[in-house]
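Okay, here's what each chain looks like letter by letter:
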Amino acid sequence: MWRSGSGLVLGLHRSGHGRLILEHALSRGVRALDTAYSYHRFGSHRALARVAGDLLGQFSISTKVAFFPGEDRSRHSLDPEELRAAVEHSVRDLGRAPDVVFLHNPERVVYSGDSAAALDQLTAAGVALRDAVAHGLCRSWGWSSWDPRPLRALLDAATLDGLPGPQVVMLRAGLLVPADVLDAGEAIADRLGVAKPDRWGMSPFGGRRNDPLWTTVNPRQFLSPKQQAAPLQAMARAAFALPEVSLLAVGTDNPSHLDELITAMTLELDRATIDRYRALLRHRAATPVES
């Protein structure tokens, strides 16, 4: 069973994989971790097992597969045999089956321009992960997409007979996400039949947590009136509505930062302001730029 009473998932993309933050997360009710086969120089699973193996049974764990070591840089592949091997390797390194295994950035297969080949690869990859669930290598599987626009274009033009539907999707979320990315993420989740409780968000700060912009822009306007919140807390809370997600993956090695984010989950959103913001984003995207 997936456990995350706080609504937060502790993301390990840029994490040092220290025991302190894992222990603190557990003490504050954050019982979900998100990592990837390729994180921590392809060593995230081993680091977790080494540093906190005795704690991992208290967490739900999601991971991602599709990036593999290459000669000069990591390479992306949805080859079913490589995916299956990565899942098996992940289970061995973690010492347990992950709760969710995501296809990592599946939109990359669309970049070649061959739609039929891309759909074939997504189908074969989906079958591989569906079989991994059936064989007990993970409890569920999904898609984790940074830019779902190519996937939307592919699915809109395709007949989905035979394409295994992911059980979960993870999408980029927050105030910094462009309108067409938000719309595409919601569209593919709808097309694939992924219910809203099974839609997750990630990267609410766009990798720019310390950007000076947050001292001049006031994201508190997206909250209901008369609430006290720091700008980053308001941004994190707003990310649950942009797009609408049930869980949010956030990364930090600092216990006090995690405490701030946990507190942010109690804030109430101003839905009318969120809706106006979405409308403004769409209007801006549709308005030609004057030279």
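Everything quoted here is computed from the prediction, not taken from an experiment.

**Here's the deal with the overall build of the protein chain**
In terms of regular secondary structure, the protein chain is built from 10 helices and 10 strands. In terms of C-alpha radius of gyration, the protein chain reaches 19 Å, essentially the compact-globule figure of 19 Å for 291 residues. The principal-axis extents of the C-alpha atoms in the protein chain amount to approximately 55 × 50 × 35 Å. With 291 residues in all, the protein chain has 53% of them scored as buried.

**As for the packing of aromatic side chains**
This model, assessed by the stated rule, comprises 4 aromatic pairs. Between Phe102 and Trp200 the ring centres are 5.3 Å apart and the planes differ by 75°, which places this aromatic pair in the edge-to-face class. Of the two residues, Phe102 is situated in strand β6 (residues 100–104) and Trp200 in strand β9 (residues 199–202); the sequence distance between them amounts to 98 residues. Note on accessibility: Phe102 and Trp200 belong to one class, buried. Taken together, the ring pairs in this structure connect Tyr37, Phe42 and Phe68 into an aromatic cluster.

**A closer look at the environment of Ala158**
Note on placement: Ala158 falls in the loop between α6 (149–156) and β8 (168–172). Remark: the alpha-carbon pair of Ala158 and Ala116, spanning 42 residues in sequence, is separated by 8.7 Å. Residues within four places of Ala158 in sequence aside, it is in contact with Leu119 and Arg191.

**Some thoughts on helix α5 (residues 115–134)**
For α5, with 20 residues, the first-to-last C-alpha span of 28 Å sits near the 28 Å given by 1.5 Å per residue. Taken as a whole, α5 has its buried residues at Ala118, Leu119, Leu122, Ala125, Gly126, Ala128, Leu129 and Ala132. Each element contacted by the buried residues of α5 is listed here: β3 (60–65), α4 (80–94), β6, β7 (140–145) and α6. In this structure Asp114 caps α5, since a side-chain oxygen of it lies 3.3 Å from the backbone nitrogen of Ala116.

**Details of helix α7 (residues 179–192)**
When the terminal C-alpha atoms of α7 are compared, their 20 Å separation across 14 residues agrees well with the 20 Å that a helix rising 1.5 Å per residue should span. When we look at burial in α7, the residues that qualify are Ala179, Val181, Leu182, Asp183, Ala184, Gly185, Ile188, Ala189 and Leu192.

**Looking at the pairing of strand β10 (residues 247–251)**
By the criterion of burial, β10 is predominantly enclosed, with 4 of the 5 residues buried. Pairing between strand β1 (residues 8–11) and β10: 4 bridges, direction parallel. Bridging from a neighbouring strand, Leu10 pairs with Val250 of β10. Here β9 pairs with β10 via 3 bridges, running parallel. When the sheet's bridge partners are listed, Trp200 is paired in β10 with Leu247.

**A short note on the nonpolar core**
Formed by 48 residues in total, the largest nonpolar core has its most connected members in Leu8, Leu10, Leu22 and Phe59. Within the residue set of this core, elements represented by two or more residues are β1, α1 (19–27), α3 (44–52), α7, α8 (231–238), β10, α9 (255–264) and α10 (271–286). Element by element, the count of residues in this core is highest for α8, at 5 residues.

**Some details on the packing of α7 against α10**
At a closest axis distance of 8 Å, the pairing of α7 and α10 adopts a crossing angle of 115°. Viewed along their axes, α7 and α10 adopt a mutual orientation that is roughly perpendicular. Taking contact as the criterion, the partners of Ala179, Leu182, Asp183 and Glu186 in α7 are, on α10, Arg278, Leu281, Arg282 and Ala285. Among the residues forming the contact of α7 with α10, the class breakdown is 4 nonpolar, no polar and 4 charged.

**Overview of the sheet that holds β6**
One closed barrel accounts for 8 strands, arranged β1-β2-β3-β6-β7-β8-β9-β10; its pairing is parallel. Mean inter-strand twist for the sheet, computed between neighbouring axes without regard to direction, equals 25°. When β8 meets β9, the two strands line up parallel, connected through 4 bridges. Looking at the pairing, Val169 lines up with Arg199 of β9. The sheet strands contacting α5 are β3, β6 and β7, and the helix crosses β7 at an angle near 145°.

Conventions used here
- Residues numbered from 1 in each chain as written.
- Predicted model: local features only at pLDDT ≥ 70, side-chain atom pairs only at ≥ 80, totals over all residues.
- Heavy atoms only, no water.
- Helix = DSSP H or I, 4+ residues; strand = E, 2+ residues; numbered from the N terminus.
- Rg over C-alpha atoms; globule rule 2.2 N^0.38 Å.
- Buried < 20%, exposed > 50% of the residue type's maximum accessible area, 1.4 Å probe, protein only.
- Phe/Tyr/Trp six-rings, centres within 6.5 Å; stacked < 30°, edge-to-face > 60°.
- Contact = heavy atoms within 4.5 Å.
- Expected span 1.5 Å × (residues − 1).
- Polar contact = N/O pair within 3.5 Å; in protein donor to acceptor, adjacent residues only side chain to side chain.
- Pairing = 2+ DSSP bridges.
- Core = buried A, V, L, I, M, F, W, Y, C linked by side-chain atoms within 4.5 Å.
- Axes fitted to C-alpha atoms, helices over the stretch in contact; angles between N-to-C directions.
- Parallel < 35°, antiparallel > 145°, perpendicular 65-115°, else oblique.
- Nonpolar A, V, L, I, M, F, W, Y, C, P; charged D, E, K, R; others polar.

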